[in-house]
Amino acid sequence: MIRHLYANTGLLSRLVLRQDRVRLPIWLLALIGATLLVVNAFATLYSSQPKRQSMADTMMNPAMTAMVGPAYGIENYTIGAMLAHQMLLFTAVVVGIMNILLITRHTRAEEEDGRVELVRALPSGKLSNVTAAITVISGANVLLGLLTALGLIAMGVDSIGVEGSFLYGLSLSATGIFFAGLTAVFAQLCETARSAIGWSMAVLLIAYMTRAIGDVSSEALSWTSPFGWIVRTETFVNNIWGPVLLTFGAGVVLIGLTFYLNSIRDVEAGFLPSKPGRKKASPLLLSRIGLPFRLQRTALISWAVGMLVLGASYGSVLGDLESYFSEIEIMQEMLAQVKGVSMTEQFLTMLMAVLAMISTIFPMMAVLKLKGEENKGRTEHVLGRAISRNRLLGSYLVLAVFFSFLMVSLSAIGLGGAGISVMEDGLSFSTFYNSAVVYLPAMWVMLSVCVLIIGWAPRLSGLAWLYLIYSFIVVYLGSLFQFEEWVEKLTPFGHIPDMPVEDVSWPVLAALTAIAVVVTTIGFIGYNKRDIHG
Amino acid sequence: MTVLRTSNLTKHYGKVKALNGVDIEVRKGEVFGFIGPNGAGKSTTLRILLGILKATKGDAQIFGKDVWHDAVELHKRIAYVPGDVNLWPNLTGGEVIDLFVKMRGGSRTKKREELIHKFQFDPSKKCRSYSKGNRQKVALIAAFSSDADLYILDEPTSGLDPLMERVFQECVMEVKQEGKSVLLSSHILSEVERLCDRVAIIREGKIIETGSLAEMRHLTRTTLNVETKEPMPDLTGHDGVHNVEEKEGAYVFQVDSEKLDEVIAYISSFGVVKIESAPPTLEDLFMRHYEGTGAGGVV
């Protein structure tokens, strides 16, 4: 009987491997490579004990504890302690995400697309499909752990011992297996792959948050989260194995639950009732920008949180910049000394340019979204009704302009908020904010280029991204490569005054805005003239 | 009264000629069938009429207004169902219906609920999960629940089951009775035959035949099923007779409409036991144009 449940599991496992023969190696190489690169970077940058101790000092605050977990081994902050303290949790989160995506892909997504039905019609067991998926992915997790451990040992860093390396690697494996099990359970409960991913990601996020709150205020709360367990291994310092076993055990229980749930349900059925959606449109959806807003709502939320966090993580390092820069030659070259201006302020101008360019990505996507809509044949629904082309393109542009303002503001708020809390003689918040929003005209020029492309040659939308990448290279690395002046002037970002080092130049900002308006107008003219494809 | 008129409508994509001088005319209160195989230019014509594509040459007017320049004004009076209904995966069917009605400048009506019921449609599901037929229902419900003067429907029933096809036909008849006009592109010929007053056939971007079904039948053949006392040895050779099949003294064959009189006279000389006649179907007509064979052809 038992055999019948698992018939053909071996063959199906090979099928899973065959499907992921590129995907899995990429995940593993990326994860292992990132870990080893960080070890290498730490070993080079923090080669002496005093340097490491000064790093340790910056880690001793609630913000860092919330982000990376409680500090340990801080009195003797070795490379190993630094690695486990600063990297283990982040890597574990990524491993969790990897497992959520891979398990859903091979369980509920296969089922939703009807492929499981095909397989079950062949002489294969009820549990074969889910067993094959879990076996292969769990195997990948163990392999990841072992290779990470071997890689760490091979780096030959004194403070990274054999036991610690294996503990580090297997912590990742156990977390992976836990999330594989968790996702597999949700794949049984939910009827669609999307909601299985949604629920699993939500649990991952909640686990991270409860650990963050718990680590700062109450340790008991941390013990409810698998991430709370994993940061308590105190790898490379005390090497506590208990949490790893706990995580692994919990994963096994979840996998058992998966098998049980799978055995009592029908193919393509779930346990959570799929919630019926709205039968009628809300007034918001029916408003002028309702549809484009709705289509980008989820992405908007993710980008908004992302920009805030990105700003905050840059901001959190502003505290000890002065001492840091004085030691790194490459940074001194990038930041030419200016009298009467602190290194931090100098760095701030570059940071702002980078943040502004990253803030431009989402608004550009918002304009170019119209091209995607056209390719999918959905623009026709809109233009086939009483909506003019100007109004259609306008609604996307208005949203994009609003997004540009929102994104750059959020990054400035994150940067300023975190920066002020860690700096001793802090800059004022308005300094941060002003030096960010000054980039808006440049962002609008980028948006106008997108409108131009949508209007005349939607196929060339790649050019808009090339232009942004060009801007990034020129502005970010410009002083390092010593480009000619005109190279920098080809991008709108190269014209923006470097606040707070330079003063604001209204004529420049006005000129950029005027260019944006003219280019946008030309784009609208083209959009009114051309065929709609799709 | 003419509601829609195109003259010499031409569309080139580079060197490819998608349309090559299309002339059609839809009159008020009629259902006009637009038939042709895939790639003949049906959708291109309709999309020009909607102002989504710009004609290379020629003129297209609806209600006396230019379809390109006055698109927005015109669309307030037009309901359109595209051939491929692609919807936003994360919106529900109900939301999309409301959105479509609103985009035409209308608002939610009682008609909407009636149609949802008639088409047995579940508006609470995300469009991601709808089959092709269900996506078409979204477009059809939105179209028929709005108060338009002209309905432009591009192969609207290709994904519907026979029951739903019937509902669709009722909807078309209903708007016709209200004096509205319908331009229906289709390759389901039985449907066109049942619904349409006049028909245009398009081939390779050119209208090759247009007129009422009665007029067009004139140009084609009637199928006869005849049993006679004596065998008819020379039937195959008779002028105007085609595709003769003989089975146990019964003959099934086709006769050119203009030769019908002579052929009947000829048959009756053999002593008719049974005679059944079937009018030419649109399919016969259509196939004849596409095969490019047959006497008295108009090709």
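Residues numbered from 1 in each chain as written. Chains lettered and ligands numbered in written order. Predicted model: local features only at pLDDT ≥ 70, side-chain atom pairs only at ≥ 80, totals over all residues. Heavy atoms only, no water.

Some thoughts on a nonpolar patch on the surface
Okay, so step 1: A cluster of nonpolar side chains, contributed by L460, L463, L466, I469, I473 and F483 of chain A, occupies part of the molecular surface with about 540 Å² of accessible area.
Okay, so step 2: With respect to the helices and strands, I473 of chain A occurs in helix α25 (residues 461-481). (Patch = residues over 30% accessible without salt bridge, like charges linked within 9 Å, V, L, I, M, F, W, Y side chains within 5 Å. Areas by Shrake-Rupley, 256 points an atom, 1.4 Å probe, with all protein chains shown as cover. Salt bridge = Lys/Arg side-chain N within 4 Å of Asp/Glu carboxyl O. Helix = DSSP H or I, 4+ residues; strand = E, 2+ residues; numbered from the N terminus.)

Some points on the nonpolar core
Okay, so step 1: With 145 residues, the main nonpolar core has F493 of chain A together with F144 and I152 of chain B as its most contacted residues.
Okay, so step 2: For this core, the leading source of residues is helix α20 (residues 343-375) of chain A, giving 15 residues.
Okay, so step 3: Contact partners of F493 of chain A, with chain neighbours within four places excluded, come to A356, M357, T360, Y439, A442, M443, M446, L468, S471 and V475 of chain A. (Core = buried A, V, L, I, M, F, W, Y, C linked by side-chain atoms within 4.5 Å. Buried < 20%, exposed > 50% of the residue type's maximum accessible area, 1.4 Å probe, protein only. Contact = heavy atoms within 4.5 Å.)

Some thoughts on the sheet that holds strand β8 (residues 181-186) of chain B
Residues and elements named next belong to chain B.
Okay, so step 1: The sheet built from 6 strands is open, its strands ordered β6-β7-β8-β3-β9-β10 with mixed pairing. Only two strands of the sheet have a single neighbouring strand rather than two, namely β6 (78-81) and β10 (206-212). For this sheet the average axis-to-axis angle between neighbouring strands, irrespective of direction, equals 15°.
Okay, so step 2: Of the pairings in the sheet, the one linking strand β9 (residues 198-203) to β10 comprises 6 bridges and is antiparallel in character. Within the sheet, the bridge partner assigned to I202 lies in β10 and is I207. (Pairing = 2+ DSSP bridges. Axes fitted to C-alpha atoms, helices over the stretch in contact; angles between N-to-C directions.)

With respect to a positive patch on the surface
Okay, so step 1: A cluster of basic side chains, namely R194, K275, R278 and R297 of chain A together with K126 and R128 of chain B, defines a positive patch on the protein surface.
Okay, so step 2: Along the chain, R194 of chain A falls in helix α11 (residues 193-216).
Okay, so step 3: Classification of R194 of chain A by relative accessible area gives exposed; the value is 54%. (Lys, Arg positive; Asp, Glu negative; His and termini not counted. Charge placed at Lys NZ, Arg CZ, Asp CG, Glu CD.)

Section: the sheet that holds strand β12 (residues 241-247) of chain B
Residue and element names in this part refer to chain B.
Okay, so step 1: On the basis of which strands lie adjacent, the open sheet formed by 4 strands has the order β12-β13-β11-β14 and antiparallel pairing. Each having just a single partner strand, β12 and β14 (272-278) make up the two edges of the open sheet. Neighbour-to-neighbour, the strand axes of the sheet open up by a mean angle of 20°, direction not taken into account.
Okay, so step 2: Alignment of strand β11 (residues 221-228) against strand β13 (residues 250-256), held across 7 bridges, turns out to be antiparallel.

A short note on the domain arrangement of chain B
Okay, so step 1: Its domain assignment divides chain B into domain 1 (2-216) and domain 2 (221-279).
Okay, so step 2: With centres defined by C-alpha atoms, the gap from domain 1 of chain B to domain 2 of chain B works out at 41 Å. (Domains from an automatic or database assignment.)

Let's talk about the interface of chain B and chain A
Buried accessible area, meaning the area lost when the parts come together, often serves as the stated size of an interface.
Okay, so step 1: If you look at the interface, chain B gives 38 residues, while chain A gives 33 residues.
Okay, so step 2: Both faces considered, chain B and chain A share a buried interface measuring about 3,300 Å² in area, 56% of it formed by carbon and sulfur atoms.
Okay, so step 3: By the criterion of area lost to chain A, the three top residues of chain B are W88, E95 and M103 of chain B, representing 20% of everything that side buries.
Okay, so step 4: Seen at the junction of chain B and chain A, the total is 4 salt bridges.
Okay, so step 5: Taking the shortest distance from any N to any O, the salt bridge between K280 of chain A and E113 of chain B comes out at 4.0 Å.
Okay, so step 6: At the boundary of chain B with chain A, the tally comes to 21 residue pairs in polar contact (both at pLDDT 80 or more).
Okay, so step 7: Per element, the largest residue contribution to the side of chain B that touches chain A is 7 residues, and it comes from helix α3 (residues 93-103) of chain B.
Okay, so step 8: Taken together, the residues of the side of chain B that touches chain A sort by class into 18 nonpolar, 7 polar and 13 charged. (Buried area = accessible area lost by both parts, 1.4 Å probe. Polar contact = N/O pair within 3.5 Å; in protein donor to acceptor, adjacent residues only side chain to side chain. Nonpolar A, V, L, I, M, F, W, Y, C, P; charged D, E, K, R; others polar.)

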